[in-house]
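What follows is each chain in one-letter form.
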Amino acid sequence: MNSWLKRMLVVFVVLGIVGMFCSESFAVSEDEAVKIENASPDKAPATPKKARKMLIFTKCNGFVHDSIPYVTKALEVMGKKTGAYETVVSDDMSVFSAENLVQFDAICFNNTTVLKPNEEQQKAILDFINDGKGIVGIHAATDNFYDWPAGGELMGGFFAGHPWHSGGTWAFKLDDAGHPLNASFEGKGFKESDEIYLIREVGLRDTARVLMSLDYSDEATSTVKDAKPENKDNPVSWVKSVGKGRLFYCSFGHNHPILWNAAILKHYLAGIQFALGDYDVDTTPTNLTIDKLDPILNNVVKYDYGQSRETLTDLADFVRKAYPYVKLRGEVEQKLISALINKEATFAAKQFICRQLRLIGSDVSVPVLSKMLIDDETSDIARYALEPIEGALVDQTLLDAIDKTSGKTKAGIINTIGVRADIKAVSKLSDFVNDSDKMIASAAITALGNIGSDKAADVLAKAVKKVDAGLLDQTMDAYLKCADKMTAAGENGQAAKIYENIYDGNYSIAIRTAALRGMVASVSSNDAVKIIVDVLNGDDVKMQAVAIGLAREIKGSEATKTLAKSFGKLSSSGKVQMLSALAVRGDLVALPQVTEAVKSEDQVVQVAALKALGDLGDASVVGLLAETAASAKGEVLQEARGSLYRLRGDAIDPAIIGAIDSADAAVKVELIKAVGERHNSKAVAALLKTTKDADGKVRVESIKVLRDIAGAEDLTGIVDVLVNTQSASELSASEKAVATVAAKADRSKAAEIVLSACLSAKDKKIKCSLMELLGGIGDDTALPILNGALKDSDADVKASAIRALSSWPNDKPINDLLAIAKGSDNNTHRVLALRGFVRIIGLTTGDDKTKLYQQAIELATNGNEKRMVLSELASVKSYAGLKMAATYLDDDELKQEAEVAIVKIAEGIFASCPQTSKEILNKIISSTSNDSIKKQAADIVGRIDKFGDFITAWQVSGPYMQENVLGPQLFDMEFAPEKADGNAKWEIMPASEDGGKPWLIQLEVIFGGDNRVAYVRNKVWSDKDQQVRLDLGSDDGIKVWLNGEVVHANNTGRGVDPGADKVNVNLKQGWNAMMMKITQGSGGWGACAQFRSVDGSEIQGLKFQIEE
Amino acid sequence: MKKASASIALPYFVSSAALGKDGNIAASDRVVMGFIGVGGQGLSNMKAFLTRNDVQIVAVCDVDRKRRQQAQQVVNDKYKNTDCVDYNDFRDVIGRGDIDAVSTALPDHWHAIPAIMAARAGKDIYGEKPLAYNISEGRGIVDAVNKYGVVWQTGSWQRSVYEFRFACELVRNGRVGKIHRVEVGLPGRHSKMTEYAGHKQDITMEELEQVCEAPEELDYDFWLGPAPAAPYSPGRCHGNYRWINDYSSAQIADWAGHHCDIANWGMDTDNIAPVEVEGTGKFSDGKLWDGIVDYLFRCKYEQGFEMVVAGGPDHGIWDGTRWFGENGWVWVSRYGFKASDESLLRSTIGPDEVHLYNSNDHFGNFIDCVKSRAKTITPVEAAHHAIMIGHLGLMSIKVGRKLKWDAKNEKVVSDDEANRLLSRPMRGPWHL
């Protein structure tokens, strides 16, 4: 195509004119056009069901066939000449959108090459065909979608060369000679000159019906270079069903004369009409032939419970695949019937076959099933197949079977008649409603209810009077169903009579409830309200509850008004339920009654009314709720507050703020609380004002709420409140407010504000308070001031500076604190500093935490201080920490704290050092006087004892993952632990929480999540060079390194099964470095490992340790 | 006939005034309960109700004698008397006029019949998820519960846990924008339930699959009930029934009632079904277990979003429920609660925003509603629409094509084969 034409095409497309594009003007000569016209069929093989439109798509990203305009021309001509369809041409990928494609009945890929639709376009194409439209592929249509597997599958295959080049003449045979799409070839193969593609099939013969292929009996055809004659089979033309849609492909279409070959054009046209949905032809896949069912059924008939179900799966798969193809489906049904009467068939086989017939069975199956139906052994499974087959034949078969059966079998048959709601069965069923066999009576009653005809209702009405008491609920249910059906059919009057009779009768509340519901549903909503109000005004308390329940469902404001009016007459519990109903209705017209009920003497009613106000109240109830809360206690208080906090609408928050000014102190407090609960950040200014209120409680409440609603920008104001506080409780509340608001602000900005207030504070208390707040903020700019204050002559100021540094968020002040702890002669200062030092040890990141704790405990001058150190030590997770704590077990004064610390440390690390942990814990068990500690220690020892020879000393690193990469693909990706300088972070692997598997490396518990990997490592001591066996279990994949070498790799998906993988490995004398990588797809995640002798026996002389 | 209402206690609102001075509740104001199915989940539910002083348990029922006697012992030990009666036949429990409410925890194929009978008898019901074995039986339960005005609570207790509610509130209030996709990750593979089977802990798969005599304590024919006839194998009953299609739908049945339920709560689709469902999956090829082990299905909703449900290895879908909106995502599961913007997790829901039903005690919520007659936090319609997603997904997988769903009539559009999977014939003499 020359560039000018290309531009024209672009212009058309840009203008959105995916218009009629006439190819004849630039490629097909007039002579050629006449040839095409003459060769085109006069008449289409099928009559279009409606006007059809086909999109001819011609884009090429690869080779451009010059036959494209010829094919386009031929398709246009055939459409016009026969009236089968009209065409639209495009080469713009944007046509593949759902909105655009909706106008077309089919898309023809006319020699397109290397198309790469994006995700949305792929979806549009798949939805197009799956939802019932057609796709036609001509020649190079199989030379596309290489990056889109579903697209290749859709076409049936990919271009894999063209050994049968355009210059040769090749032989073709008809694979389905009688197929309507092959009609133009009159049942015979033929020779033709064209370029034919070698097809790399993608499930082609399992999904498509091959119509035509190359004839390898022809020498020229079979001996061509690269023809892969070992295949002896290369398809040329095929059809397939895709979802509800259709695909037709034909490899012809390269050489121009093909487009005036009358037989080929007729083949095209038939294929196009098939794709358009006008020509219903057989698409049964080539490989899906009925004879393949025989061996499957031969196995199935011999199947019995407890055997492999594989053969059953084969049958189910075959039936599922065959289902869409009506002719084949019929053949399958015949085969299944034959198998059913096969004398060899077991009961289990018959049952399974009936399950298949349940899906595909038709009247054809009925004769055989009807015999099984009256046999007690097979009746149930026959019904399995019969029940869903619609039509009079099955109806009659079931009716006939009733008299030939008894007991459960008969009941089952009646049940099936009931499910099918066969109206013709009523008189027969009426014989059984009072049957002495309760099973049968029950079945008949239920069936009549399902049928629900007037006649069935009459039968049931009579049956009610003499039915067995145990069947009364069922009978009433069935009778009510008949009335429901009458309502649905518009016979309301008749239904109403039934409902009223039942409602007025001596039946259970449940049955009368259903009747009342029926009555209400069968009348207009005005009448429904009347019915409900009548019940409410009556004296049947239990039915009142039901009526109120129904009141929730009737729509409209008028109904609310009427219901609200009846409120005063209700009992206490009725009022409560009505208030809840009014709340659900959420209708403001009920507000007067609900507001009135708030004043009720009956506290239960009052509470319910307050609750309802929260659901339906408006700004007008703000005052009432706040005043009620201010003067009440207990439940009334809770409910009033809850409703005030819950009120909805734009007007509520302004109303709350507006009410504050003029309210009494107690009411003010409630309103301020509401501001906080409602997170109303617009109230900051109002509350800054009330922090200066005359009433102390109002001031404190205001500060408390400001803490929650003030933002970073309000920090200066909040600090100002603190500076001006009048009482200790206000100061304490202000400190919390400043800390919270400062945390919302930029750290250095917050430090600047607080520091400036601190420096200018005149009152010492205020100054100290602000200094301590600086500690929590923890900005470096404050450090010099605080360090300076450490040298202040005033002891209080100094103490505050120590407190500030003690609460610092990182370990920067550690040395300053240590210095005071060591050297201060003021005991208060020393103790404060020691405490701060111990706290800050917890923030250090180095490995020598235990050393620092040791230093701290040596500085401690009494038991209290030492215990404080031990209680902090408990949070370290290290072997050294465990050993340190153990040294205090013999110190009577510290014993208890030491025991607690040991148990806590051991819980985190015992798996990594089981022997030492066990020794120390055993010592505790034998000497402690604390039963709870003893039990915890014994639990851990119990878990250690269950380790067996599983390795439990591990460090873990992870999880590692990569966006959009699944577990199995991570198996061979290298993460930090695999890299020499990967700087992986390793932590002690905690013991498994699974009591039954204490040795499990339980990654799902410590990390969790899907599609990731983790690593574990340790050191293995061997007393000699030796070969050993490593037994592994993993969920999912596992890779193992020993001294840097990969010794095992299994990328799999499974649960942890110890010893699932067994691999022989060599250990050298001394320490060996071991590492395992465990991948996670989804679900469980873990692993286990143990060393054994090569023969599987236990092995001695190995030790496991982690890097410490 | 005597006036039946005398023997049927219809519980209504019990005020705090009914509480005695010592905080105990007068016997006449306690909710009297019977427990049908007291194996794994049933026993655990029963123990939870047993801790409440406003509940009186008077009956336990199981077709496994050992199980029901064990449960009976637990109740009698707690009350220090011998009043709790054990039953083999659930109809005897439902027939007791003094019982206000029942709790059912049975294999799925036994969900519909007792629930419908209980509703007809006016009993309030705490029923386990999934609502029912198939869509048609689920519809039967929904209709019966509504018709008789009984209170229904589903065992989908995640709704009564703060994180799940808050996640749904974030989604409902548009914190991540309009939702276009919800991903629901469920487990895939079957897990051997030795702890429930009443057999030795280390029972092998071969032993579970073996056809043999049912243990004498088990009324096996009753256990099968409406399901097709089959000889007993140890791996067929109790916890392992899940993995057999005749009784359940494997992990989909176990978990759709949790994670799809939460997905629906977040999307406000408790009463709304998908319009299109399409999926693929693999079923177990064991000698006994034939349940689905690997699956992915997509549900299209008229509201303009898609729900993708998957289980099995490596579908790249996180366990639990994850909503994707135009501005980010929210994820909640039993393993965690996260959002693309972590600050969302610390945000608050304003008074004018959507606040969801607040319950922090799933069992307590049921008892409260039994008293107030209000709807529970997991009403029956919600249970129906949660498992409907699973049922439709399975149906699509079983027939191997996309299904269009007519929600109003609860039928598949123009697909006779798929419609035949909506219900199944029951073994005689059982019927709904």
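The written sequence of each chain sets the order in which its residues are numbered from 1. A letter from A marks each chain and a number from 1 marks each ligand, given out in the order of writing. Per-residue local features are limited, in this predicted model, to residues with pLDDT of at least 70; the limit for side-chain atom pairs, both in listing and counting, is 80 or more; totals at the level of whole chains, interfaces and linings are taken over all residues. As a rule here, side-chain values come from all non-hydrogen atoms in the structure, and water together with hydrogens is ignored.

Undergrad: Where do I start with the nonpolar core in this structure?
TA: In a soluble, globular protein the nonpolar side chains are often hidden away together inside. Only buried residues count toward a nonpolar core. Its members are Ala, Val, Leu, Ile, Met, Phe, Trp, Tyr and Cys residues joined through side-chain atoms within 4.5 Å. Throughout this description, buried means an accessible area under 20% of the type-specific maximum (1.4 Å probe, protein chains only), exposed means over 50%, and partly exposed covers the range between. Within the largest apolar cluster, 367 residues are counted, with the highest numbers of intra-cluster contacts made by Leu315, Val332 and Leu516 of chain A together with Ile141, Met307 and Trp323 of chain B. Apart from residues lying up to four places away in sequence, methionine 307 of chain B is in contact with Val182, Val184, Ala263, Asn264, Phe297, Arg298, Cys299, Tyr301 and Ile389 of chain B. Whether two residues touch is decided by their heavy atoms; if any such pair falls within 4.5 Å, the residues are in contact.

Undergrad: I would appreciate a short explanation of the sheet that holds strand S18 (residues 1061–1067) of chain A in the present structure.
TA: By way of backbone hydrogen bonds, the strands of a sheet pair with one another, either parallel or antiparallel. Residue and element names in this part refer to chain A. Paired strands, as defined in this entry, are two strands with at least two bridges between them according to DSSP. Counting from the N terminus, the helices are the DSSP runs of H or I reaching at least four residues and the strands are the DSSP runs of E reaching at least two. Ordered in space as S18-S15-S20, the three strands form an open sheet in which the pairing is antiparallel. Across the chains shown, the open sheet's two edge strands, defined by having one partner strand only, are S18 and strand S20 (1086–1092). Across the sheet, the mean angle from the axis of one strand to that of its neighbour is 30°, orientation sign disregarded. The pairing of strand S15 (residues 1026–1035) with S20 spans seven bridges and is antiparallel. Within the sheet, the bridge partner assigned to aspartate 1035 lies in S20 and is glycine 1086. Geometry is summarised by axes, namely lines fitted to C-alpha atoms with helices restricted to the contacting stretch, and by angles between N-to-C directions that run from 0 to 180 degrees.

Undergrad: Whenever I open this one, the confidence of the model for chain B confuses me. Can you help?
TA: A low pLDDT score tells you not to read the predicted coordinates there in detail. pLDDT is defined as a per-residue confidence score from the predictor, taking values between 0 and 100. Of the residues in chain B, 91% have a pLDDT of 70 or more, and the chain-wide mean is 90. As scored by the predictor, the complex reaches a pTM of 0.78 and an ipTM of 0.93.

Undergrad: When you look at the interface of chain B and chain A in this model, what are you seeing that I'm missing?
TA: Much of the literature gives interface size as the accessible area that the parts lose upon coming together. The interface of chain B with chain A comprises 72 residues on the first partner and 78 residues on the second. When a carboxyl oxygen of Asp or Glu is within 4 Å of a side-chain nitrogen of Lys or Arg, the pair counts as a salt bridge. Between the two partners, chain B and chain A, sit eight salt bridges. Here arginine 189 of chain B makes a salt bridge to aspartate 1035 of chain A, at a shortest N to O gap of 3.0 Å. Definition of a polar contact: a pair of N or O atoms within 3.5 Å, with one able to donate and the other able to accept a hydrogen when the atoms are protein atoms, and with sequence-neighbouring residues admitted only if both atoms are side-chain atoms. Taken together, chain B and chain A are joined by 22 residue pairs in polar contact (both at pLDDT 80 or more). Elements with a minimum of two residues in the side of chain B that touches chain A: helix H4 (112–120), helix H5 (135–148), helix H11 (362–372), helix H12 (380–399) and helix H13 (416–419) of chain B. Polarity classes work like this: nonpolar for Ala, Val, Leu, Ile, Met, Phe, Trp, Tyr, Cys and Pro, charged for Asp, Glu, Lys and Arg, and polar for all others, with Gly in that last group. Of the residues that constitute the side of chain B that touches chain A, the class distribution is 29 nonpolar, 17 polar and 26 charged.

Undergrad: Please explain the pattern of salt bridges as it appears in this structure.
TA: Side-chain pairs of opposite charge can arise where the charged atoms are in close proximity. In this structure the tally under the stated criterion is 85 salt bridges over all chains. With a closest N to O distance of 2.8 Å, aspartate 176 of chain A and arginine 209 of chain A form a salt bridge. You can see aspartate 176 of chain A sitting in the loop between strand S6 (170–174) and strand S7 (190–192) and its partner arginine 209 of chain A sitting in strand S9 (residues 208–214), a full 33 residues away along the chain. Here aspartate 176 of chain A and arginine 209 of chain A have matching classes, each one buried. Linked through salt bridges whose partners overlap, the residues forming this network are Lys123, Asp127 and Asp131 of chain A together with Glu276, Lys300, Lys402 and Lys404 of chain B.

Undergrad: Hey, could you run me through the packing of helix H20 (residues 454–466) of chain A against helix H21 (residues 472–488) of chain A in this one?
TA: To characterise two packed helices, one gives the angle between the axes of the helices and the distance between these axes. Residue and element names in this part refer to chain A. At their nearest, the axes of H20 and H21 sit 9 Å apart, and the two run at 150° to each other. In terms of orientation, H20 lies roughly antiparallel with respect to H21. Relative to H21, the crossing made by H20 is left-handed. Residue-level contacts link Asp454, Ala456, Ala457, Leu460, Ala461 and Val464 of H20 to Leu472, Thr475, Met476, Ala478, Tyr479, Cys482 and Met486 of H21. For the contact of H20 with H21, the class distribution of residues is eleven nonpolar, one polar and one charged. Any angle that is under 35 degrees is reported as roughly parallel, and any over 145 degrees as roughly antiparallel; angles of 65 to 115 degrees are reported as roughly perpendicular and all others as oblique. When the near helix sits turned anticlockwise from the far one by under a right angle, the crossing is termed left-handed; a clockwise turn instead gives a right-handed crossing.

Undergrad: Before we go on, may I ask you to explain the sheet that holds strand S13 (residues 336–339) of chain B in this structure?
TA: Residues and elements named next belong to chain B. Strand order in the open sheet made by the nine strands is S13-S12-S11-S7-S10-S9-S8-S14-S15, with mixed pairing throughout. The open sheet has two free edges, formed respectively by S13 and strand S15 (411–412), since each of these has just one partner strand. Of the strand pairs in this sheet, strand S11 (residues 320–325) and strand S12 (residues 328–333) are connected by five bridges, and their pairing is antiparallel. Directly across from arginine 322, in S12, lies its bridge partner tryptophan 331. Together, strand S8 (276–283), strand S9 (292–300), strand S10 (306–311), strand S14 (403–406) and S15 form the strand contacts of H12, whose direction differs from that of S8 by roughly 65°.

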